[in-house]
Amino acid sequence: MRSFNLFGLAAMAGLAIACSWQCSSTRSQAASDKGLKDHYRDYFPVGVAVSPRALKTDEAALVLREFNSLTAENAMKMAPIHPAMDRYNWRDADSIAAFAQRHQLKLRGHTLCWHQQTPDWLFVDSSKQQVSREELLKRLKEHITAVVSRYKGTIYAWDVVNEAISDKPGEYLRNSPWFRICGEEYIEAAFRYAHEADPDALLFYNDYNEISPLKRAKIIRLVNSLKSKGVPIHGIGLQAHWAVNEPSYGQLDSTLREFSLTGLKLQITELDISVYAKEHDARARQASDTDTSFSAQKAQLQQQRYREAFQLFRKYKRHITGVTFWNISDRYSWLDNFPVRNRKDHPLLFNANLQRKQAWWDVVDFKTP
Ligand code: GLA
């Protein structure tokens, strides 16, 4: 793991910490109905990943004030929505879709084919033997057809395949059960099945660590190869699970530039900025993890990352057709349990009391050209 010094970075950036705290509290008291979606009306929809439960709490009002697009955090993934071969559980996904329709929000679908959160039955037959390639593709087709057809006309864009690329330097595609059983072909099959079920839906390939030049080159290789085969793919989803120490402005600029050269639409699909230095693998808690406060230093570093990220999203607005946050507020984030279980993170633009953080003001502080 890379070594990282929060205090050093804060000092380097020459940050005026005291002033910013004061400004923040004054400004956050100022009532403003203008949400992120309004500030970015001329740029792209601003979305958020939600659970059906959150939409029944006081977070719903915040969602409606700030966002104009939703993604189901878990409800449309394979295991929750298709728990047994002959049984779909539509309840949670339907409830999110109904909320989106009721309030005229856009809805992204996430995700049709992934190696995680898969149901137990998927890769094996009734005697627990691994299924054949033909059988797995048949199951994939049935799944995609059922889910995409159900939300046809409601979901405008789908993350069709999630995280198929390997993180290992010498390996192209991830050695997942999908790949082991079907080979590379499952990826294009998933896109074709989704397109058959809803020819109007925009279809995305979605992945993380897209800011790494090595990973990015593999993602670009994949989408270009799909395009050259005439596979219906319309966009690349950049998950954007970032942190206070990465990406740098230059790194994100080249990331967006290189992806934009594919000619595909780009969406930021799972944005959050952890207040801890980036770590890619889960690990045990250690002594240095005890300070989980949202200190002024952490806040400043996070503000800088958010400010720069949105500056670049605006720069690439011709290519970026959506920016979605992964979770609503610091009340709850998946990062509270990753990479360290039970280490509170503060990665979003709203604090646990649902108040706008200083980073929110930095994100909306720009002049439309
Ligand atoms: C990945 C997935 C998301 C979510 C996050 C962590 O990015 O695409 O669905 O599971 O991990 O919460």
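Residues numbered from 1 in each chain as written. Predicted model: local features only at pLDDT ≥ 70, side-chain atom pairs only at ≥ 80, totals over all residues. Heavy atoms only, no water.

A word on the overall build of the protein chain
Secondary structure summary: the protein chain contains 13 helices and nine strands in total. For 369 residues, the compact-globule formula gives about 21 Å, and the C-alpha radius of gyration of the protein chain, at 21 Å, lands near that figure. Overall, the protein chain is about 65 × 45 × 40 Å in size when its C-alpha atoms are taken along their principal axes. Counting the 369 residues in the protein chain, one finds 56% classified as buried. In the protein chain, 78% of the contacts between residues at least 6 apart in sequence involve partners at least 24 apart. Accessible area of the protein chain: about 16100 Å², with a carbon and sulfur share of 51%. (Helix = DSSP H or I, 4+ residues; strand = E, 2+ residues; numbered from the N terminus. Rg over C-alpha atoms; globule rule 2.2 N^0.38 Å. Buried < 20%, exposed > 50% of the residue type's maximum accessible area, 1.4 Å probe, protein only. Contact = heavy atoms within 4.5 Å. Areas by Shrake-Rupley, 256 points an atom, 1.4 Å probe, with all protein chains shown as cover.)

Considering the nonpolar core
Counting 102 residues, the largest nonpolar core has Leu70, Leu271, Phe313 and Phe325 as the members making the most contacts within it. Setting aside its immediate chain neighbours within four residues, Phe313 contacts Phe44, Trp242, Leu252, Leu256, Ile268, Leu271, Ile320 and Val323. (Core = buried A, V, L, I, M, F, W, Y, C linked by side-chain atoms within 4.5 Å.)

Considering the pattern of salt bridges
Side chains bearing opposite charge may pair, as long as their charged atoms lie close to each other. Applying the stated criterion across every chain, the model contains 28 salt bridges. Its salt-bridge partner being Lys229, residue Glu188 comes within 3.2 Å of it at the nearest N-O pair. Placement of the pair is Glu188 in helix α9 (residues 185–197) and Lys229 in the loop between α10 (213–228) and β6 (235–238), with a sequence separation of 41 residues. Overall, Glu188 belongs to the buried group, its relative accessible area being 16%. What makes Lys229 partly exposed here is its relative accessible area of 42%. With a shortest N-O distance of 2.6 Å, Arg283 and Glu279 are connected by a salt bridge. Judged by its relative accessible area of 12%, Glu279 is buried. Each of Glu135, Lys138, Arg139 and Glu142 takes part in a single network of salt bridges with overlapping partners. (Salt bridge = Lys/Arg side-chain N within 4 Å of Asp/Glu carboxyl O.)

Overview of the environment of Asp167
As for its placement among the helices and strands, Asp167 is situated in the loop between β4 (157–162) and α8 (177–182). Taking C-alpha positions, Asp167 is 26 Å from Val124, a pair spaced 43 residues apart along the chain. With residues near it in sequence (within four places) discarded, Asp167 still touches Arg174, Tyr208, Lys215 and Lys218. Among the polar contacts made by the side chain of Asp167, one reaches the side chain of Tyr208 at a distance of 2.3 Å. (Polar contact = N/O pair within 3.5 Å; in protein donor to acceptor, adjacent residues only side chain to side chain.)

Focus on the site of the ligand
As a structural note, the neighbourhood of the ligand is formed by Lys77, His110, Trp114, Gln117, Asn162, Glu163, Gln239, His241, Glu270, Trp326 and Trp334. Asn162 is positioned such that a nitrogen or oxygen atom in its side chain is 2.8 Å from an oxygen atom of the ligand. The side chain of Gln239 places a nitrogen or oxygen atom 2.7 Å from an oxygen atom of the ligand. Taking 300 Å² as the accessible area of the ligand by itself, protein coverage stands at 88%. (Near = heavy atom within 4 Å.)

Things to note about the pairing of strand β3 (residues 106–113)
In terms of burial, β3 is largely enclosed, as seven of its eight residues are buried. Taken together, the three bridges between strand β2 (residues 69–72) and β3 define a ladder with parallel strand orientation. If you follow Ser69 over to β3, its bridge partner there is Lys106. Direction of pairing for β3 relative to β4: parallel, over a ladder of four bridges. When the sheet's bridge partners are listed, Gly109 is paired in β4 with Trp158. In the classification by handedness, the crossover that spans β3, the intervening helix α7 (residues 133–150) and the parallel β4 is right-handed. (Pairing = 2+ DSSP bridges. Right-handed = clockwise from strand over helix to strand, strands pointing away.)

Quick word on α7
If you check α7, its first and last C-alpha atoms are 26 Å apart, about what 18 residues at 1.5 Å a residue would give, namely 26 Å. Within α7, the full set of buried residues consists of Leu136, Leu137, Arg139, Leu140, His143, Ile144, Val147 and Val148. Looking down the long axis of α7, one finds its buried residues gathered within 160° of arc, a one-sided arrangement. Each element contacted by the buried residues of α7 is listed here: α5 (78–81), β3, β4, α8 and α9. (Expected span 1.5 Å × (residues − 1). Arc of directions from axis to C-beta.)

As for the confidence of the model for the protein chain
Overall, the prediction assigns the protein chain a mean pLDDT of 93, with 91% of residues at 70 or greater. Low confidence marks residues 1–26, where pLDDT is under 50. Its contacts with residues over four positions away, or in another chain, come to 31 contacts. (pLDDT = per-residue confidence, 0-100.)

Concerning unusual backbone geometry
A cis amide bond links Glu246 with the next residue in sequence, Pro247, at an omega value of 5°. Tracing the chain through its elements places Pro247 in the loop between β7 (241–243) and α11 (249–260). The omega torsion of the bond from Phe338 to Pro339 falls at 0°, within 30 degrees of zero and hence cis. Of note, Pro339 is situated in the loop between β9 (320–325) and α13 (358–364). The backbone phi angle of Gln117 is positive, close to 50°, even though this residue is not glycine. Relative to the elements of secondary structure, Gln117 occurs in the loop between β3 and α7. Relative accessible area serves as the criterion here: at 32%, Gln117 is assigned to the partly exposed category.

Some remarks on the side chain of Ser166
Checked against the element boundaries, Ser166 lands in the loop between β4 and α8. The exposure class of Ser166 is buried, given its relative accessible area of 2%. The residues contacting Ser166, other than those within four sequence positions of it, are Glu171, Tyr172, Leu173, Arg174, Lys215 and Lys218.

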